[in-house]
Amino acid sequence: MVFGIDSGVLVGELAALRFTGMPKPAPIGDWQARRAGDAMGVIFNERFWAAPDVVQEDRIVHRIDGQQVPIRTYRRRGSTSRAVVVYVHGGGLIAGNIDIYDSRVSAYVQATGITFVSVAYALAPEHP
């Protein structure tokens, strides 16, 4: 098992991608195309992880300027850890979202018992 993923299933999925052809990466600077690829990440995420002991809660926090920032908290049931990790998803500040990294964060929480807070930060170039 790799973070709760059956390695046989993972190998099969990756092999299928290899034979069907991976999409070519978007050219540098083409942030719209990179964001369009986020849908594949969400689908891939949903196929592989179920963490029954991890409780998720979506919330909104307010920045000083009044803008709203979605966050998602992850807690393992029964954990007594007082530690918290703030998780900032990948995507080079132009793509990505908390849904794509949901299974990864759930796996970290399941394995450690540490609470994670995943931040859905505003993306560039709309928010420099």
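Just so it is clear, the structure is predicted and the values come from calculations on it, not from any experiment.

A. Seen up close, a nonpolar patch on the surface. Side chains of Val84, Val86 and Val88 sit close together on the surface and give an oily, nonpolar patch of about 280 Å² of accessible area. Within the secondary structure, Val84 sits in strand 3 (residues 84-88). A residue is classified by how much of its surface remains accessible, and Val84, at 53% relative accessible area, is exposed.

B. Geometry of the side chain of Thr115. Note that Thr115 resides in strand 4 (residues 115-119). Its relative accessible area of 12% is what places Thr115 among the buried residues. The contacts of Thr115, once residues within four sequence positions are left out, are Tyr74, Arg75, Ala83, Val84 and Val85.

C. Region of interest: the nonpolar core. Judged by nonpolar contacts, Ala51, Val54, Tyr74, Tyr87, Ile100, Tyr101, Val105, Val109 and Phe116 together constitute the single largest core of nine residues. Val69, Ile71, Val117 and Tyr121 belong to the second largest nonpolar core, which has six residues in total.

D. Expanded view of the confidence of the model for the protein. Residues with a pLDDT of 70 or more make up 65% of the protein, whose mean pLDDT is 77. Taken element by element, the protein is modelled with least confidence in helix 1 (residues 7-20), mean pLDDT 54, and with most confidence in strand 4, mean pLDDT 96.

E. Region of the structure containing the packing of aromatic side chains. Applying the stated criterion across every chain yields a total of three aromatic pairs. Ring centres 6.2 Å apart and planes at 50° place the aromatic pair Tyr87 and Tyr101 in the tilted group. Placement of Tyr87 in strand 3 and of Tyr101 in the loop between strand 3 and helix 4 (102-112) is noted, with a sequence separation of 14 residues between them. The residues Tyr87 and Tyr101 share a single accessibility class, namely buried.

F. Structural detail: the environment of Ala95. Within the secondary structure layout, Ala95 lies in the loop between strand 3 and helix 4. For Ala95, a relative accessible area of 6% translates into the label buried. Sequence-wise, Ala95 and Ala122 are 27 residues apart; in three dimensions their C-alpha atoms are separated by 9.6 Å.

G. Inspection of the pairing of strand 4 at higher detail. Judged by how many residues are buried, strand 4 sits mostly within the fold: five of five residues are covered. The alternating pattern of strand 4 places Thr115, Val117 and Val119 and Phe116 and Ser118 on opposite faces, both of which are buried. As paired strands, strand 2 (residues 68-76) and strand 4 are joined by four bridges and run antiparallel to one another. Of the residues in strand 4, the one forming a bridge with Tyr74 is Phe116.

Reading the values: rules and limits
- Residues numbered from 1 in each chain as written.
- Predicted model: local features only at pLDDT ≥ 70, side-chain atom pairs only at ≥ 80, totals over all residues.
- Heavy atoms only, no water.
- Patch = residues over 30% accessible without salt bridge, like charges linked within 9 Å, V, L, I, M, F, W, Y side chains within 5 Å.
- Areas by Shrake-Rupley, 256 points an atom, 1.4 Å probe, with all protein chains shown as cover.
- Salt bridge = Lys/Arg side-chain N within 4 Å of Asp/Glu carboxyl O.
- Helix = DSSP H or I, 4+ residues; strand = E, 2+ residues; numbered from the N terminus.
- Buried < 20%, exposed > 50% of the residue type's maximum accessible area, 1.4 Å probe, protein only.
- Contact = heavy atoms within 4.5 Å.
- Core = buried A, V, L, I, M, F, W, Y, C linked by side-chain atoms within 4.5 Å.
- pLDDT = per-residue confidence, 0-100.
- Phe/Tyr/Trp six-rings, centres within 6.5 Å; stacked < 30°, edge-to-face > 60°.
- Pairing = 2+ DSSP bridges.

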